[in-house]
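# Secondary and tertiary structure notes
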Amino acid sequence: MPEFPDSRGRSLFWWRFGGTALFLLAWEVSAFLAGSRLVLPSPLDVLQVFARVSQTAKFWQAVAGSFLRVIEAFALSIVLGIAAGTAGGLKPHVDAFLSPLVTGMRATPVLALILLAMFWFPSSQVPVFSAILMAFPVMYTSAESGVRAADRKLVEMSRLFRVPRHIQLLRLHIPSAMPHLLSGAKNALGLCWKVVVAGEVLSQPAKALGTAMQESRLMLETTEVFAWAITTVLLCGLSEYAFGLLANARKRFFHAMPGAPAK
Amino acid sequence: MSFSIRSLTKRFDSLLVLDQLSFSFEPSSITAILGPSGCGKTTLLNIVAGMIPTDSGDIELSGQLSCSYCFQEPRLLDWLTAEDNVRYALSGLADRGRMEKRIERFLREAGLESFRAYYPSQLSGGMQKRLALARAFAYPAELLLLDEAFSAVDLRQKRELMNAFLNLWKEEKPTVFMVTHDIHDVLLLADKVVVLGPRPAKVRGIIDIPILQSQRRLADEQMSHIEQKLYELIDMPAS
């Protein structure tokens, strides 16, 4: 059991444990009532299939393929979203120019986007393109509101002391925007996993979780579909955890002025 | 050559804040603006700093003066330590060695030497104020603007900060423009006092204090006389 620094943390662990246990119990009861693996396999069935599938080369190839697509889509939406959102936050006319596009992207159904992308891109890039279009508006909005969140009085102070623009950006604007950016990036990461796997289900690229999921569905292997879905959930959770660790490391970079003498 | 402010007027929408202010002050002198709360003293300082525009009137300063400002509120970056807050303000200076020496000196003079690695949220309100003052003193400027700089600190620290300020002023002779509502601060520090009335602020009177700061004794007859005149200008009986 993990160690927690205080009793509140320990109490939260037990609440989390209780929630998970209740969910598994409800699933087990539902599977029992359904009475067919084809309709709803039990958690234990899924675990057994997961253990079997995870020992195959196909599993690891699918994990690697989907993971790379998610990273590609996430990195591009972060870069594009932060660049456009920062420009939109600093210059109102840029925001006015981009906002119809961003609103349109936000309102477009993901399936329509994937189907259209299938006309334009090779099957391996369809999920990436669709995920970028879904995650970009999230990052744009986070960056734009983050840039506007910088305290006006601190900006005035920085201008008065003629603090160089790049230092203002690194030490004032980015730390002020950071809570918005981190929350946006976390949402974008989850979105990328969902959209990439959905895109793979439809576009059927080689070495993909979505493709494996679709193949299992065609073979009426409901338990395998569950196993692939759980793999996706676990990978999404793991990447969000890794992202959290990375986000904590940012403090060491942004929360100190360069040039400070060694202590 | 003297600096001057001529017929300066400022409105915020329909609210007239400064009404035709005119006075002059000498380079390398300390000019105090004395007036009741809310009369527009900070607005005047912000206009002199170039942070807000005037509606009409002129400010004549010689060329583009470098400017340092101790704001009424500390305006610190919560995610930087005390010394990094000062370092941030000085980051435009080319001479790193000089910058570090000034940070060291003014943190020490503000009594924050042992709190240099603390974050603003770990400092008391008075310490945050002293840090903002250390930052304003450490930034080498020809024009130093102080907005209620010595308020919100206890008496002993106030005296130490005033000594630190006077040492800095004697060494580097910046032109100082300070805003306060404390007559004793004015009597101890200023070469010239401009008294403003309540909003919309007009100049009620200008008093020169022709005594070196180091030789001032509040109980002296000349200082008492000046104090009396200041109280008359702000419509208050001397205590």
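Because the structure is a prediction, the values reported are computed rather than measured.

## As for the overall build of chain A
Looking only at helices and strands, one finds 10 helices and 0 strands in chain A. Secondary structure of chain A in N-to-C order comes out as α-α-α-α-α-α-α-α-α-α. Along the first, second and third principal axes, the C-alpha atoms of chain A reach 75 × 55 × 30 Å. For chain A, buried positions account for 33% of its 263 residues. The long-range share in chain A, meaning contacts at least 24 apart out of those at least 6 apart in sequence, stands at 75%.

## Quick word on the pairing of strand β9 (residues 203–208) of chain B
Residue and element names in this part refer to chain B. In this structure, strand β8 (residues 192–196) lies alongside β9, joined through 5 bridges in antiparallel fashion. By the bridge assignment for β9, Leu196 is matched with Val203. Counting the residues in the hairpin turn of β8 and β9 gives 6 residues.

## Some points on the interface of chain B and chain A
Every contact between the two is made by 18 residues of chain B and, on the other side, 19 residues of chain A. Contributions of two or more residues to the side of chain B that touches chain A are made by β5 (67–70), α2 (82–89) and α3 (96–109) of chain B. With 4 residues, the single largest contributor to the side of chain B that touches chain A is α2 of chain B. Per-class residue counts for the side of chain B that touches chain A are 11 nonpolar, 2 polar and 5 charged.

## Section: helix α7 (residues 221–233) of chain B
Residue and element names in this part refer to chain B. The end-to-end C-alpha distance of α7 is 18 Å, a good match for the 18 Å that 13 residues give at a rise of 1.5 Å each. Burial in α7 covers these residues: Ile226, Leu230 and Leu233. Buried residues of α7 fall within an arc of 60° about the axis and therefore sit on the same side. What points out from α7, more than 90 degrees from its buried face, is the exposed set Glu221, His225 and Gln228.

## Quick look at helix α4 (residues 92–107) of chain A
All names here are of chain A. Under the 1.5 Å per step criterion, the end-to-end length of α4 is 22 Å for 16 residues, consistent within 8% with the ideal 22 Å. Where α4 bends most, the angle comes to about 40°, and this point is Leu98, followed within four residues by the proline Pro100. When you tally the buried positions in α4, you get 1 out of 16 residues, a small fraction of the element.

## Looking at the packing of helix α3 (residues 57–90) of chain A against helix α8 (residues 165–203) of chain A
Geometry of a packed helix pair, given as the angle between the helix axes and the separation of the axes. Residue and element names in this part refer to chain A. At a closest axis distance of 9 Å, the pairing of α3 and α8 adopts a crossing angle of 135°. The angle between the axes of α3 and α8 places the two elements in the oblique class. The way α3 lies across α8 gives a crossing that is right-handed. For the pair α3 and α8, contact is made by Ser66, Arg69, Val70, Ala73, Phe74, Ser77, Ile78 and Ile82 and by Leu181, Ala185, Ala188, Leu189, Cys192, Trp193, Val196, Val197 and Glu200, respectively.

## Looking at the sheet that holds strand β2 (residues 15–25) of chain B
Residue and element names in this part refer to chain B. The antiparallel open sheet is built from 3 strands, whose spatial order is β2-β1-β4. Bordering the open sheet on either side are β2 and β4 (56–60), each of which pairs with just one other strand. When strand polarity is set aside, the average angle formed by the axes of neighbouring strands in this sheet is 20°. Strand direction decides the pairing type here: strand β1 (residues 3–12) and β2, joined by 7 bridges, are antiparallel. Paired with Leu8 across the strands is Leu21, a residue of β2.

## Some details on the sheet that holds β8 of chain B
Residues and elements named next belong to chain B. Read from one edge to the other, the open sheet built from 6 strands follows the order β5-β6-β7-β3-β8-β9, with strand pairing classed as mixed. Where the open sheet ends on each side, the last strands, each with one partner, are β5 and β9. Recorded for the sheet is a direction-independent mean angle of 15° between the axes of neighbouring strands. Packed on one face of the sheet, α7 meets β3 (30–34), β8 and β9 and runs near 170° to β9.

## Some thoughts on the domain arrangement of chain B
What the domain assignment reports for chain B is domain 1 (3–66 + 141–233) and domain 2 (78–140). Contacts between domain 1 of chain B and domain 2 of chain B engage 14 residues on the former and 12 residues on the latter.

## A word on unusual backbone geometry
At the junction of Arg199 of chain B and Pro200 of chain B, the peptide bond is cis and its omega measures out at -5° in the coordinates. Inspection of the secondary structure puts Pro200 of chain B in the loop between β8 and β9. Its identity as a non-glycine residue notwithstanding, Leu220 of chain A has a phi of 55°, on the positive side. When you line up the elements, Leu220 of chain A lands in the loop between α9 (209–218) and α10 (222–254). Since 10 C-beta atoms lie within 10 Å of it, Leu220 of chain A is described here as exposed. The residue Arg75 of chain B is not glycine, and still its phi comes out positive at about 50°. The residue Arg75 of chain B is located in the loop between β5 and α2 in this model.

## A closer look at the environment of Gly97 of chain B
Inspection of the secondary structure puts Gly97 of chain B in helix α3. For Gly97 of chain B, a count of 7 C-beta atoms within 10 Å corresponds to the exposed category.

## Section: the pairing of β8 of chain B
Successive residues of a regular strand alternate their side chains across the two faces of the sheet. Residue and element names in this part refer to chain B. For β8, the buried fraction is high: 4 of the 5 residues fall into the buried class. Strand direction decides the pairing type here: β3 and β8, joined by 4 bridges, are parallel. Of the residues in β8, the one forming a bridge with Ile33 is Val194.

Conventions adopted
- Residues numbered from 1 in each chain as written.
- Chains lettered and ligands numbered in written order.
- Predicted model: local features only at pLDDT ≥ 70, side-chain atom pairs only at ≥ 80, totals over all residues.
- Helix = DSSP H or I, 4+ residues; strand = E, 2+ residues; numbered from the N terminus.
- Buried ≥ 20, exposed ≤ 12 C-beta atoms within 10 Å, placed from the backbone.
- Contact = placed C-beta atoms within 7 Å.
- Pairing = 2+ DSSP bridges.
- Nonpolar A, V, L, I, M, F, W, Y, C, P; charged D, E, K, R; others polar.
- Expected span 1.5 Å × (residues − 1).
- Arc of directions from axis to C-beta.
- Bend = angle between axes of the 7 residues up to and from the residue.
- Axes fitted to C-alpha atoms, helices over the stretch in contact; angles between N-to-C directions.
- Parallel < 35°, antiparallel > 145°, perpendicular 65-115°, else oblique.
- Left-handed = near helix turned anticlockwise from the far one by under 90°.
- Domains from an automatic or database assignment.

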